[in-house]
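# Results of the structural survey
These are the residues of each chain, in order.
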Amino acid sequence: MSNDTDAAKRPQVDMWTDGACKGNPGIGGWGTWMRSGGKEKEMCGGELHTTNNKMELQAVIEGLKILKKPCDITLHVDSKYVMDGVTKWIHGWKKNGWKTGSKQPVKNKEQWQELDAQVARHDVTWVWVKGHAGDPGNERADALANKGVEMARLNA
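Since this is a predicted model, take the numbers as computed values, not measurements.

What counts, and where the lines are drawn
- Residues numbered from 1 in each chain as written.
- Predicted model: local features only at pLDDT ≥ 70, side-chain atom pairs only at ≥ 80, totals over all residues.
- Heavy atoms only, no water.
- 1 Å grid on protein atoms, 1.4 Å probe; cavity = no way out; pocket = protein on both sides within 12 Å on 5 of 7 lines; lining within 4 Å.
- Points joined across faces, edges and corners; volume = space filled by probe spheres on them.
- Helix = DSSP H or I, 4+ residues; strand = E, 2+ residues; numbered from the N terminus.
- Nonpolar A, V, L, I, M, F, W, Y, C, P; charged D, E, K, R; others polar.
- Core = buried A, V, L, I, M, F, W, Y, C linked by side-chain atoms within 4.5 Å.
- Buried < 20%, exposed > 50% of the residue type's maximum accessible area, 1.4 Å probe, protein only.
- Contact = heavy atoms within 4.5 Å.
- Pairing = 2+ DSSP bridges.
- Axes fitted to C-alpha atoms, helices over the stretch in contact; angles between N-to-C directions.
- Salt bridge = Lys/Arg side-chain N within 4 Å of Asp/Glu carboxyl O.
- Lys, Arg positive; Asp, Glu negative; His and termini not counted.
- Phe/Tyr/Trp six-rings, centres within 6.5 Å; stacked < 30°, edge-to-face > 60°.

A few words on the layout of surface pockets. Computed from the structure, the largest pocket encloses a volume of approximately 190 Å³. Sorting the residues of the lining of the largest pocket by element identifies strand E2 (26-36) and strand E3 (39-50) as the ones contributing at least two each. Class assignment of the residues belonging to the lining of the largest pocket gives a composition of six nonpolar, one polar and six charged.

On to the nonpolar core, then. Ile 73, Leu 75, Trp 112, Leu 115 and Trp 126 are the most contacted members of the largest nonpolar core, which has 29 residues in total. Listing elements by their share of this core, those giving two or more residues are strand E1 (12-23), E2, helix H2 (52-66), strand E4 (72-77), helix H3 (80-95), helix H4 (109-120) and strand E5 (123-128). The contact partners of Trp 126, leaving out residues within four places of it in the chain, are Val 60, Leu 75, Val 77, Val 82, Met 83, Val 86, Thr 87 and Val 119.

Let us now look at the sheet that holds E1. Sheet architecture is open: five strands sit in the order E3-E2-E1-E4-E5, paired in mixed fashion. Looking at which strands have only one partner, the edges of the open sheet turn out to be E3 and E5. Averaged over neighbouring strand pairs, the angle between their axes works out to 20° when direction is ignored. Across ten bridges, E2 lies against E3 in antiparallel orientation. What sits directly across from Ser 36, in E3, is Lys 39.

Of all the eleven residues making up E2, nine are buried; the element is thus mostly covered by neighbouring parts of the structure. Where E1 folds back onto E2 in an antiparallel hairpin, the turn is made up of two residues. Connecting E2 to the antiparallel partner E3 that follows it, the hairpin turn spans two residues, and Gly 37 within it adopts a positive phi of roughly 55°.

A few words now on the pattern of salt bridges. Going through the model one piece at a time under the given rule, you end up with nine salt bridges. Where Arg 35 meets Asp 14, a salt bridge forms, and the shortest distance between an N and an O atom there is 3.9 Å. Placement of Arg 35 in strand E2 and of Asp 14 in strand E1 is noted, with a sequence separation of 21 residues between them. Residues Arg 140 and Glu 42 are paired through a salt bridge, measuring 2.9 Å at the closest nitrogen-oxygen approach. One end of the pair, Arg 140, is in helix H5 (residues 136-154); the other, Glu 42, is in strand E3, and 98 residues separate them in sequence.

The next thing to look at is the side chain of Asp 142. Secondary-structure assignment places Asp 142 in helix H5. Here Asp 142 sits buried without a salt bridge, and the closest side chain of opposite charge, Lys 22, lies 6.9 Å off (N-O distance). Not counting residues within four places of it along the chain, the set of residues in contact with Asp 142 comprises Asp 18 and His 132.

This part takes up the packing of aromatic side chains. Here the structure, examined in full by the defined rule, presents five aromatic pairs. Residues Trp 89 and Trp 93 carry aromatic rings whose centres are separated by 5.9 Å and whose planes lie at 50° to one another, so their mutual orientation is tilted. Remark: Trp 93 and Trp 89 occur in helix H3; sequence separation between them is four residues, near one turn of the helix. Residue Trp 89 is classed as partly exposed on the basis of its relative accessible area of 36%. Measuring from ring centre to ring centre gives 5.1 Å for Trp 93 and Trp 112, while their planes differ by 65°; the resulting arrangement is edge-to-face. You can see Trp 93 sitting in helix H3 and its partner Trp 112 sitting in helix H4, a full 19 residues away along the chain. Judged by its relative accessible area of 0%, Trp 112 falls in the buried class. Through successive ring pairs, a cluster of aromatic residues spans Tyr 81, Trp 89, Trp 93, Trp 98 and Trp 112.

Below is the structure:
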């Protein structure tokens, strides 16, 4: 646990993430937009055969992974799957050996484990935003996710 002095020195980051999928499963993309201290960064990528949930998770993982040191992050997502998974369900999954309450294997287990490891590096405040409702950060992340879909198509 870091002390208050260390926490005060940590970079403050605002991050928006989104996933997109054309067909589910189908060709998908993820997008991440972040800003900190007057700087901005955009990232996106895609896969030919994936699901929307995987792309939503990947957007968050990639955003957190690129940060070189621990940060205080306000992370905006429009995915209830990601939001509920990380704030409610993951603790039980870990306790139950990555099984759901109905004893089924957790879907996207490897991504959830990677997300859990990345979240542990930072102090993350999770904010759910309604998708396609005019939130500028969410709209930008959505555009990046769709760009990721096109990149996957072009690289096919």
